[in-house]
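One-letter residues, chain by chain:
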Amino acid sequence: MNEEIEDAFCKRDMPINITDVHRKRDPVKEHVTEEMLKEVIDVYISETDSISLLDIPSSLVSVDADDAEVIIQRNNQYAEVCRSRAMYDNYVDRSMQTLNGASKSKHVQCDRVVMVDAASSVTAWDMYNTFISPEQDERACSAEPERADYPETVTDTSRGAERSVSVGSTASTVSAASSLREVDAFGNSSNAESDLHLIMLSEKFQQSLLVMERSILGNIFQPKLATYRKLPILTDPDSPVEQREEDTDSPRPPAVERLWAFSCELSRGRRVSSTAWNKKSPDLLAVSYDDQGCDESSNQEPGLVCCWSLKNPTWPERIIRCGSAVTSLDFSFNNPSQLAVGMKDGSIAIYNMQSQDNKQCVVSSSECPNKHQGPVWQLRWSQQELSLTGEEKMEALFSVAGDGRFSKWFVSKNGLDCIDLMKLKKTHNKKKVGGNKTEKQTESVLSALTAGLCFDFHPADSSIYLVGTWEGLIHKCSWSNSQQFLETYRKHFCPVNCVTWCPFSPDVFLSCSSDWTIQLWKQDYLKPVLGFTSNQRAVSDIKWSPKWATVFGCVNEGQLEIWDLDSSILDPVIVERAAPGVKMKSLLFATQTDCVLVGDSDGHVTVYQLRNFNVGESSKVDLLENIISSAASR
């Protein structure tokens with residue numbers, strides 16, 4: 001249908017009104033030229049700004065939240081209401097207004113509330129009788145009816161006989177009743193004892209005792225622990241104030257102050273062989289004891305390991321008994337709860353200190369055919385680099401023993417197994433060959449092995465390590481060469497008891513020996529740079545300070561010595577003598593405070609604080625390098 005036909009129908013069917021008539025405009029056609037077709041027209045399409053008419057932010061709640069179930073239930077109720085409104089005919093959607101009535105004040109008068117304090121005293125027997133079980137109460141009450149079962153009188157023709165029989169029967173009744181009371185009392189006491197025994201063995205009661213013990217010991221040792229941690233000491237306001245050394249203005253020489261000693265009846269009389277801090281918790285200390293001083297006729301096992309805590313210096317947290325004397329131990333880096341223990345019979349065991357069963361051993365080398373044939377004099381966990389970049393590291397356990405083997409341990413199906421990284425072979429004395437100018441030194445190597453007593457890894461390169469031997473030699477070794485020593489340092493003529501690298505200068509290390517001397521070495525020199533001797537006794541242990549490069553400590557059988565190379569290279573700055581009849585055996589610096597721990601032959605690990613030790617806050621690495629350079633140039 002075209003427009004003319006449509007207009008005809010409209011005119012015929014509808015009355016014509018002037019206002020309804022619209023003129024039809026003729027379209028104006030524009031002439032299109034070739035230039036207009038070639039013209040480029042840019043059309044930009046853009047989006048208009050959004051106009052928000054209503055914005056209701058949503059409230060989101062996590063499914064794991066505490067009130068998630070309440071919100072889900074409320075949402076379900078709302079959905080049910082909405083669903084019922086759509087199908088309900090009487091529902092009308094309109095607004096309403098509720099009229100609130102006028103408020104009215106109302107006064108109430110009452111009597112004053114009287115408060116009364118009441119108290120009562122209760123004994124332990126009152127509480128026992130109150131909480132006694134109904135079965136025991138019924139059993140206690142059942143003793144009275146049993147008396148009726150016994151006849152009190154016996155009928156007889158004779159009045160005298162009746163009286164005698166009556167008296168006898170009454171006495172028997174009284175004795176029977178008293179015996180029943182004794183049996184009942186004995187049963188109650190035995191049940192009470194069993195209940196007390198179960199309460200004492202319960203885990204909740206043990207935890208309560210532990211908390212109470214820690215609280216009491218915290219109050220007793222608060223001054224000592226506060227001094228150890230460099231915290232203020234809480235004083236009793238009623239007690240007189242004691243004047244401490246730091247309160248006086250007069251300068252005092254450096255000294256040590258005894259704080260406390262880790263000791264108990266289990267360790268008393270045993271010799272401390274090794275000590276080690278926990279790598280994660282610096283408040284945990286592991287101490288090993290050997291069988292020196294123990295009675296051989298006793299049934300106690302010769303090996304003992306105690307894990308002490310600073311919160312309880314009177315009793316260890318964990319106790320491990322071993323079949324052989326313990327000579328060395330060390331905590332793991334990656335698993336701080338694992339403690340490796342080396343023994344005198346050559347075996348090595350790893351214990352889990354988190355386990356309540358202290359005798360439970362994680363893994364042991366007792367079944368290993370390659371285990372050491374001599375005492376394990378030292379073992380240590382060490383982080384070893386797996387790549388050249390040093391980013392990937394793996395922890396491994398290393399040991400040196402009296403059979404002359406330096407070994408690396410790993411876990412196998414049958415327990416611990418090892419591979420030998422170096423065998424310490426004996427050497428002859430030096431022989432001179434040639435004249436004075438072309439003089440050479442040669443040495444012949446024997447097939448027999450010499451005992452290794454100590455070792456230490458290089459602080460910067462974990463593939464380099466030092467080993468001290470029974471011959472008095474110190475060998476520098478590497479993983480890449482297990483057949484030959486890199487260097488051999490000669491100065492000691494007695495067994496080397498300890499060797500340790502300086503944590504601040506990687507080219508410097510210390511060694512101590514039974515020849516009464518301490519030697520300071522630089523790895524580029526085969527002869528010691530400095531030598532120290534202060535007492536004509538064997539030096540048992542030596543350690544660098546973890547805070548200062550010029551400070552180290554050592555113990556011999558008679559005294560503790562603290563050296564400061566900045567102050568003097570001839571004499572120690574602090575000397576603390578041992579008690580009469582006691583020999584100092586091990587030394588360990590505290591990692592976070594200015595304290596040292598000394599183990600002795602009587603089973604005590606004594607904590608000393610360095611007082612008036614004005615070294616400074618800097619590590620003094622440059623000063624140590626200058627001292628070594630000046631000593632080496634002489």
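Residues numbered from 1 in each chain as written. Predicted model: local features only at pLDDT ≥ 70, side-chain atom pairs only at ≥ 80, totals over all residues. Heavy atoms only, no water.

Notes on the overall build of the protein
Moving on, step 1. The helix and strand inventory of the protein stands at nine helices and 32 strands.
Moving on, step 2. Accessible surface, the protein as shown: approximately 42400 Å² in total, 52% of it carbon and sulfur. (Helix = DSSP H or I, 4+ residues; strand = E, 2+ residues; numbered from the N terminus. Areas by Shrake-Rupley, 256 points an atom, 1.4 Å probe, with all protein chains shown as cover.)

Let's talk about the confidence of the model for the protein
Moving on, step 1. Mean pLDDT over the protein works out to 79, with 76% of the residues at or above the 70 mark.
Moving on, step 2. Note that pLDDT drops below 50 for residues 140–180; the model gives that stretch 19 contacts with residues more than four away or on any other chain.
Moving on, step 3. Segment residues 431–446 is flagged for pLDDT under 50; beyond a separation of four residues in sequence, or across chains, it makes 23 contacts in the model. (pLDDT = per-residue confidence, 0-100. Contact = heavy atoms within 4.5 Å.)

Side note on the sheet that holds strand S6 (residues 326–331)
Moving on, step 1. Across the sheet, four strands lie side by side as S6-S7-S8-S9; this open sheet has antiparallel pairing. For this open sheet the edge positions go to S6 and strand S9 (361–364), each flanked by a neighbour on one side alone. Averaged over all adjacent pairs, the angle separating strand axes in this sheet is 20 degrees, with direction ignored. (Pairing = 2+ DSSP bridges. Axes fitted to C-alpha atoms, helices over the stretch in contact; angles between N-to-C directions.)

Thoughts on the packing of aromatic side chains
Moving on, step 1. The full count for this structure, using the stated rule, is 20 aromatic pairs.
Moving on, step 2. Judged by centre distance (5.1 Å) and plane angle (55 degrees), the rings of Phe532 and Trp563 are tilted. Highlighted residues: Phe532 in strand S25 (residues 530–532) and Trp563 in strand S28 (residues 559–564), separated in sequence by 31 residues.
Moving on, step 3. Ring geometry for Trp544 against Phe552: centres 5.9 Å apart, planes inclined by 70 degrees, an arrangement best described as edge-to-face.
Moving on, step 4. Positioned above the aromatic ring of Phe333, the side-chain terminus of Lys279 is 5.0 Å from the ring centre.
Moving on, step 5. The lysine or arginine in question, Arg380, covers the ring of Phe455, its NZ or CZ lying 5.9 Å from the ring centre. (Phe/Tyr/Trp six-rings, centres within 6.5 Å; stacked < 30°, edge-to-face > 60°. Lys NZ or Arg CZ within 6 Å of the ring centre and 35° of its normal.)

Concerning the sheet that holds strand S13 (residues 415–423)
Moving on, step 1. Spatially, four strands are ordered S10-S11-S12-S13 in an open sheet, and the strand pairing comes out antiparallel. Two strands in the sheet have a free side with no partner beyond their single neighbour: strand S10 (376–385) and S13. Ignoring strand direction, the axes of neighbouring strands in this sheet form an average angle of 30 degrees.
Moving on, step 2. Looking at chain direction, S10 and strand S11 (residues 393–401) are connected through nine bridges and run antiparallel. Opposite Leu379, over in S11, you have Ser399 as the bridge partner.

Concerning the side chain of Asn556
Moving on, step 1. Tracing the sequence through the fold places Asn556 in strand S27 (residues 551–556).
Moving on, step 2. Side-chain polar atoms of Asn556 contact the backbone nitrogen of Gly558, separated by 3.0 Å.
Moving on, step 3. Only 2.8 Å separates the side chain of Asn556 from the backbone nitrogen of Gln559, close enough to count as a polar contact. (Polar contact = N/O pair within 3.5 Å; in protein donor to acceptor, adjacent residues only side chain to side chain.)

Brief notes about helix H9 (residues 621–632)
Moving on, step 1. Between its first and last C-alpha, H9 extends 17 Å over twelve residues, near the 16 Å set by a 1.5 Å rise per residue.
Moving on, step 2. Within H9 the residues assigned to the buried category are Leu624, Ile627, Ile628 and Ala631. Along the long axis of H9, the arc covered by the buried residues comes to 95 degrees, so they all point the same way. More than 90 degrees from the buried face of H9, the exposed residues found are Asp622 and Asn626.
Moving on, step 3. Summarising the contacts, the buried residues of H9 are in contact with strand S23 (508–513), strand S24 (518–522), S25 and strand S26 (539–544). (Expected span 1.5 Å × (residues − 1). Buried < 20%, exposed > 50% of the residue type's maximum accessible area, 1.4 Å probe, protein only. Arc of directions from axis to C-beta.)

Looking at the layout of surface pockets
In this approach a probe as big as a water molecule rolls over the atoms, and the regions it shows empty are the leftover space.
Moving on, step 1. Empty space within the second largest pocket amounts to approximately 740 Å³.
Moving on, step 2. Lining of the second largest pocket is provided by 26 residues; of these, Leu210, Arg214, Glu317, Arg318 and Gln356 occupy positions nearest its centre.
Moving on, step 3. The set of elements that each furnish at least two residues to the lining of the second largest pocket consists of helix H7 (203–220) and strand S4 (303–309).
Moving on, step 4. If you tally residues by element for the lining of the second largest pocket, the top one is H7, at seven residues.
Moving on, step 5. Classifying every residue of the lining of the second largest pocket gives nine nonpolar, nine polar and eight charged. (1 Å grid on protein atoms, 1.4 Å probe; cavity = no way out; pocket = protein on both sides within 12 Å on 5 of 7 lines; lining within 4 Å. Points joined across faces, edges and corners; volume = space filled by probe spheres on them. Nonpolar A, V, L, I, M, F, W, Y, C, P; charged D, E, K, R; others polar.)

Topic: the pattern of salt bridges
Moving on, step 1. Tallying each qualifying case throughout the model produces twelve salt bridges.
Moving on, step 2. Between Lys279 and Asp330 there is a salt bridge, with its nearest N and O atoms 2.9 Å apart. In this pair, Lys279 sits in the loop between strand S2 (271–277) and strand S3 (284–290) while Asp330 sits in strand S6, placing the two residues 51 residues apart along the sequence.
Moving on, step 3. Among the charged side chains, a salt-bridge network with shared partners connects Lys230, Lys547 and Asp594. (Salt bridge = Lys/Arg side-chain N within 4 Å of Asp/Glu carboxyl O.)

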